[in-house]
Amino acid sequence: MRDVSRERSPIALSYMEDNEYSIQPIRWLLKPISVWPVADSSIKERILSDFLLITCAFLIVGTMVPCALGIFLDESKDIQTKVHEFGPLSNWMLASLKYCSLLTRVGDIHLCVEHVESDWRAVTKNEDREVMLKNARIGRFIALFSAIFMHSGVFSYSIFQALTVEKSAAGGNVSTMHALPFAFYDKIVDITTSPAYELVFAMQFLSTFVVNSVAVATCSITAVFVMHACGQLKILMSLLDNLTSEESEKRSSVKQKFAVIVEHHLRVLSLVSRLEKITSITCLVEIAGCTLHMCLLGYYCITEWNQGDKQNIVAYCIILVSVTFNIFIFCYIGEILSEQCGQVGEIAYMTDWYVLPGNTALGLVLIILKSSIVIKITAGKMIELSLSTFGSVIKSALAYLNILRTLIM
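Just so we're clear, the structure is a prediction, and the values are computed from it rather than from any experiment.

**Considerations on the nonpolar core**
Then step 1. Of all hydrophobic cores here, the largest spans 105 residues; its most connected members are Ile-221, Phe-225 and Leu-337.
Then step 2. Those residues in contact with Leu-337 that sit more than four places away from it in its chain are Val-226, Ala-229, Cys-230, Leu-233, Val-272, Ile-375 and Ile-377.

Here it is in structure tokens:
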């Protein structure tokens, strides 16, 4: 990290490292699944992005379709087995919807990345830079922690499943084989032989990485850009505090400072509006998926506890905690954004407006009115992401779990 204690001029203030520090997590997560914008990249990078897109689509479909066929067409499985296998299938289906939504919003992601870079380029004060870096650290931590938690949970389940040995009777002979992480329709390929089992296992393992990356990328995009917007709102509040700091300031200087405040406010609102377009559908899918998966994972933990399978219980608990953490982060950062936007209006209201020129004082009314309209990240423009929404998701999941236990157990 560069030394920020010494004074630097606006020209000498380098922004590239800070911008990279802020954007780096989502670049790491978006590039492997071909969601990172490559419009301004070289032909080689575009070809690689297209190749990754085709590969990711093949891995998702190649795991989801045989899994669905294995659940719905295999009549030898009982209802409890099918319920256990439906959880991963639903995760793949919802992840494919989120993936398609992200792919359609690559242009908006590119604009958000450019917006963040412009904000870093415009920094001229060390105080403002420290505020932005503090929020960038929070966004970076959320992105990396979510990635580690989600990947470790699902991959641990896949490994535990692969270590499980199943017995099969084919042609009167009893043989043993390792189970696949997810259901597979054995009439497509005979997975009891080698190397068919290894190839299917590798495909499901790689597909798991893609699906996890889609889930983590959605959370990371929201966290990084919302925390950046919160940093800009804090800078806006600082500008409002300093609007009347010098009593002897000229009228023209006050008007210039107020123009900067209005422009800064509009830039933050434009970033939030664009982020809403990116995450609206994915957040709706995330809320529905988390409610379903928390219900199913709770059911799986209960059934495995009754059967005494400790390995699967550990894996299910890790996934349950990661899913809960994921939806909590969405709701928490939505709550923070709404709170910060409301504070802008409060700061404007508490400004010493009576020492300002008449027209400038009236302009504060517009900022107060604009800030009174609470800005929220929504799921499909229907559900507001807040801590109360997180509580509703938990209650709904527990209610559905109770219904599922009543019907099946």
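**Some points on the UniProt feature "transmembrane region" (unreviewed entry) in the chain**
Then step 1. Per the UniProt entry, the sites bearing "transmembrane region" (unreviewed entry) are residues 51–73, 141–160, 205–227, 313–333 and 353–373 in this numbering.
Then step 2. Within the segment residues 51–73, helix and strand shares are 96% and 0% respectively, and the terminal C-alpha atoms sit 32 Å apart.
Then step 3. Secondary structure content for residues 141–160 is 100% helix and 0% strand, while the C-alpha to C-alpha distance between its ends is 28 Å.

**Some points on a nonpolar patch on the surface**
Then step 1. There is a patch of nonpolar side chains on the surface, built from Leu-362, Val-365, Leu-366 and Leu-369 and spanning about 410 Å² of accessible area.
Then step 2. The topology assignment puts Leu-362 in helix H9 (residues 358–372).

**Brief notes about unusual backbone geometry**
Then step 1. Of note, the phi angle at Ser-34 is positive, near 65°, even though the residue is not glycine.
Then step 2. One can find Ser-34 in the loop between helix H1 (16–30) and helix H2 (43–72).
Then step 3. By relative accessible area, which is 9% here, Ser-34 ends up buried.

**Observations concerning H2**
Then step 1. Under the 1.5 Å per step criterion, the end-to-end length of H2 is 43 Å for 30 residues, consistent within 8% with the ideal 44 Å.
Then step 2. Within H2 the residues assigned to the buried category are Ser-49, Cys-56, Leu-59, Ile-60, Gly-62, Thr-63, Met-64, Pro-66, Cys-67, Gly-70 and Ile-71.
Then step 3. Buried residues along H2 sit in contact with helix H3 (79–104) and helix H6 (196–241).

**Concerning the packing of aromatic side chains**
Then step 1. Counting across every chain of the model gives nine aromatic pairs.
Then step 2. Geometrically, the ring pair formed by Tyr-197 and Phe-201 is stacked, given 6.2 Å between the ring centres and 20° between the ring planes. In this pair, Tyr-197 and Phe-201 both sit in helix H6, four residues apart, roughly one turn of the helix.
Then step 3. Relative accessible area serves as the criterion here: at 14%, Tyr-197 is assigned to the buried category.
Then step 4. Between Phe-328 and Tyr-332, the ring centres sit 5.7 Å apart and the planes meet at 15°, which makes this aromatic pair stacked. Of this pair, Phe-328 and Tyr-332 are both found in helix H8 (residues 310–350), four residues apart, which corresponds to roughly one turn of the helix.
Then step 5. Assessed through its relative accessible area of 31%, Phe-328 is described here as partly exposed.
Then step 6. With relative accessibility at 36%, the residue Tyr-332 sits in the partly exposed group.
Then step 7. Chaining the aromatic ring pairs together yields one cluster made of Phe-141, Phe-145 and Phe-325.

**Quick look at the confidence of the model for the chain**
Predicted coordinates in areas of low pLDDT are best not read in detail.
Then step 1. Mean pLDDT over the chain: 83, with 90% of residues reaching 70 or higher.
Then step 2. Highest mean pLDDT in the chain belongs to helix H4 (residues 106–121) (93); lowest belongs to strand S1 (residues 165–170) (55).

**A few points about the side chain of Ser-322**
Then step 1. Here Ser-322 lies in helix H8.
Then step 2. Polar side-chain contacts of Ser-322 include one of 2.7 Å to the backbone oxygen of Ile-319.
Then step 3. Contact partners of Ser-322, with chain neighbours within four places excluded, come to Phe-149 and Met-150.

**Here we look at the packing of H6 against H8**
Then step 1. Here H6 crosses H8 at 15°, and the two axes come no closer than 10 Å. On the basis of their axis angle, the class for H6 and H8 is roughly parallel. Between H6 and H8 lies a crossing whose hand is left-handed.
Then step 2. Its residues assigned to classes, the contact of H6 with H8 shows 20 nonpolar, five polar and two charged.

**Describing the environment of Glu-304**
Then step 1. One can find Glu-304 in helix H7 (residues 251–307).
Then step 2. Among the residues examined, Glu-304 registers a relative accessible area of 6% and is labelled buried.
Then step 3. In this structure, the C-alpha to C-alpha distance between Glu-304 and Tyr-316, residues 12 residues apart in sequence, is 9.3 Å.

Criteria and cut-off values
- Going along each chain's sequence as written, the residues are numbered from 1 onward.
- Side-chain atom pairs in this predicted model are given and counted only at pLDDT of 80 or more, local residue features only at pLDDT of at least 70, and totals for whole chains, interfaces and linings cover all residues.
- Excluded from the side-chain calculations are hydrogens and water; all other atoms, namely the structure's heavy atoms, are used.
- Buried Ala, Val, Leu, Ile, Met, Phe, Trp, Tyr and Cys residues form a nonpolar core when they are joined through side-chain atoms within 4.5 Å.
- Exposure classes here rest on a 1.4 Å probe applied to the protein chains alone. A residue is buried below 20% of its type maximum, exposed above 50%, and partly exposed in between.
- We call two residues contacting when some pair of their heavy atoms lies within 4.5 Å.
- UniProt positions are given in the numbering used here, feature names are shortened, and annotations may be inferred rather than shown by experiment.
- Numbering of helices and strands runs from the N terminus; a helix is a DSSP stretch of H or I covering at least four residues, while a strand is a stretch of E covering at least two.
- Put simply, a patch holds well-exposed residues, over 30% relative accessible area, that have no salt bridge, with like charges counted together within 9 Å and Val, Leu, Ile, Met, Phe, Trp or Tyr side chains within 5 Å.
- What sets the accessible areas is the Shrake-Rupley method with a 1.4 Å probe; for residues, cover comes only from the shown protein chains.
- Should a side-chain nitrogen of Lys or Arg be within 4 Å of a carboxyl oxygen of Asp or Glu, the pair is scored as a salt bridge.
- Every helix has an expected span of 1.5 Å times one less than the residues it contains.
- Between 30 and 60 degrees the pair is tilted, below 30 it is stacked and above 60 it is edge-to-face, where a pair is any two Phe, Tyr or Trp rings, Trp via its six-membered ring, whose centres lie within 6.5 Å.
- A residue's pLDDT is the confidence the predictor assigns to it, expressed on a 0 to 100 scale.
- Any N or O atom pair separated by 3.5 Å or less is treated as a polar contact, with the protein-specific requirement of one donor-capable and one acceptor-capable atom, and with residues adjacent in sequence counted only for side-chain atom pairs.
- Interaxial angles span 0 to 180 degrees and are taken between N-to-C directions of axes, which are lines fitted to C-alpha atoms, for helices over the stretch in contact.
- Under this scheme an angle from 65 to 115 degrees is roughly perpendicular, one under 35 degrees roughly parallel, and one over 145 degrees roughly antiparallel; angles in between are oblique.
- Crossing handedness follows the turn of the near helix against the far one: under a right angle anticlockwise gives a left-handed crossing, and clockwise gives a right-handed one.
- Think of it as three bins: nonpolar holds Ala, Val, Leu, Ile, Met, Phe, Trp, Tyr, Cys and Pro, charged holds Asp, Glu, Lys and Arg, and polar takes everything else, Gly as well.

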